[in-house]
Amino acid sequence: MSTKILSNKGNLQVLYEDNHIIVINKRAGDIVQGDKTGDKPLSDVVKTYIKDKYNKPGNVYLGTVHRLDRPTTGIVMFAKTSKALPRLNKLFLSKAVKKTYWAIVKQQPPKSEDTLIHWLKKNPKNNKSYAHLKEIKDSKKAILHYKTIKKLDNYTLLEVNLETGRHHQIRTQLSSIGSPIKGDLKYGFSRSNKDASIHLHARQIEFIHPVKKDPISIIAPLPNDTIWNACT
């Protein structure tokens, strides 16, 4: 299990790196891939890191395997080779990658642990998903499992494991049971965080290396703020 930060160059926290894969601890506000904002994406930052570290001439190959919402922190994995990318994509599609998230909520859920099943429908106009208890047109089934792992003075820390990967899934489903994530104005929290983050962190990832076939387990250190610090 890897919890060590290998590099912290220019605020880029590298958690794991080999010839085929690089894993980053994403900061709140970073975008994984370019979008209409025109802000520099994390993928470009990682390419620059690789180019400088290995003195690579020309363009650097980097494949995006999955994404995190802009206000979310934690583990993001990239493929460094064209050999690794399709293999990693296959692992994610076949649900052979276990992703664990930590979420801080103000209102404790009705149960200390539970499985949530909803049908989510995305509204592209406001980039928001809505949860329904029954299937409706153009909705997608969403399943997650959560459990309470710590009660703080004013908040509750939940551990969340996803069975499906839907748009804003954790944010939508927790909000639907009356427990929006701290700072998440879009999904019903009362106020935003000062840095525009939300208290949702991609904490751990576990998978079999697609090339080496070794079991890999990586934990992302928590952001440095008062409430996250109270969770450890």
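In this text, all values refer to a predicted model and were calculated from it rather than measured experimentally. Per chain, the residues get numbers from 1 upward, laid out in the order the sequence is written. Per-residue local features of the predicted model are confined to residues with pLDDT of at least 70, and side-chain atom pairs are confined, for both listing and counting, to 80 or more; whole-chain, interface and lining totals are unaffected and use all residues. With hydrogens and water set aside, each side-chain value is computed from the structure's full complement of heavy atoms.

Draft legend 1. Main features of the side chain of Arg171. Runs of H or I in DSSP of at least four residues are treated as helices and runs of E of at least two as strands, each being numbered from the N terminus. Tracing the backbone through its elements, the reader meets Arg171 in helix 3 (residues 169-176). Only protein chains enter the accessibility calculation, which uses a 1.4 Å probe. A residue is then buried if its area is under 20% of the maximum for its type, exposed if over 50%, and partly exposed in between. Look at Arg171 and you get buried, because its relative accessible area is 6%. Pairs of N or O atoms are called polar contacts if they sit within 3.5 Å, as long as, within protein, a hydrogen donor faces a hydrogen acceptor (for residues adjacent in sequence, only side-chain-to-side-chain pairs). Only 2.8 Å separates the side chain of Arg171 from the side chain of Asp184, close enough to count as a polar contact. The contact definition used throughout considers only heavy atoms, calling two residues in contact when any of these lie within 4.5 Å. Excluding residues within four positions of it along the chain, Arg171 makes contact with Asp69, Pro71, Ile181, Asp184, Lys186, Tyr187, Ile198 and Leu200.

Draft legend 2. Focus on helix 2 (residues 84-93). All of the buried residues in helix 2 are Ala84, Leu85, Leu88, Leu91 and Phe92. Summarising the axial view, the buried residues of helix 2 lie within an arc of 125°, below the 170-degree limit, and thus occupy one face. In helix 2, the exposed positions angled more than 90 degrees off the buried face are occupied by Lys90 and Leu93. Next to the buried residues of helix 2 lie strand 3 (21-26), strand 4 (63-64), strand 5 (73-79), strand 6 (98-105) and strand 11 (200-208). Lys95 occupies a position one or two residues after helix 2 and carries a positive phi of about 60°. The arc in question is the one traced by the directions running from the helix axis out to the C-beta atoms.

Draft legend 3. Seen up close, helix 3. Among the eight residues of helix 3, six are classified as buried, and the element is accordingly described as predominantly covered. Along helix 3, the positions that sit buried rather than exposed are Gln169, Ile170, Arg171, Thr172, Gln173 and Leu174. Elements in contact with the buried residues of helix 3: strand 6, strand 7 (113-123), strand 8 (128-132), strand 9 (140-151), strand 10 (156-162) and strand 11. Residue Gly178 follows helix 3 closely and has a positive phi angle near 85°.

Draft legend 4. Local environment of the pattern of salt bridges. Salt bridges are defined as contacts in which a side-chain nitrogen from Lys or Arg sits within 4 Å of a carboxyl oxygen from Asp or Glu. Counted under the stated rule, the structure contains nine salt bridges. A salt bridge links Lys147 to Glu159; the nearest nitrogen and oxygen atoms lie 3.9 Å apart. You can see Lys147 sitting in strand 9 and its partner Glu159 sitting in strand 10, a full twelve residues away along the chain. Among the residues examined, Lys147 registers a relative accessible area of 37% and is labelled partly exposed. Judged by its relative accessible area of 19%, Glu159 is buried. Among the charged side chains, a salt-bridge network with shared partners connects Glu17, Lys53 and Lys80.

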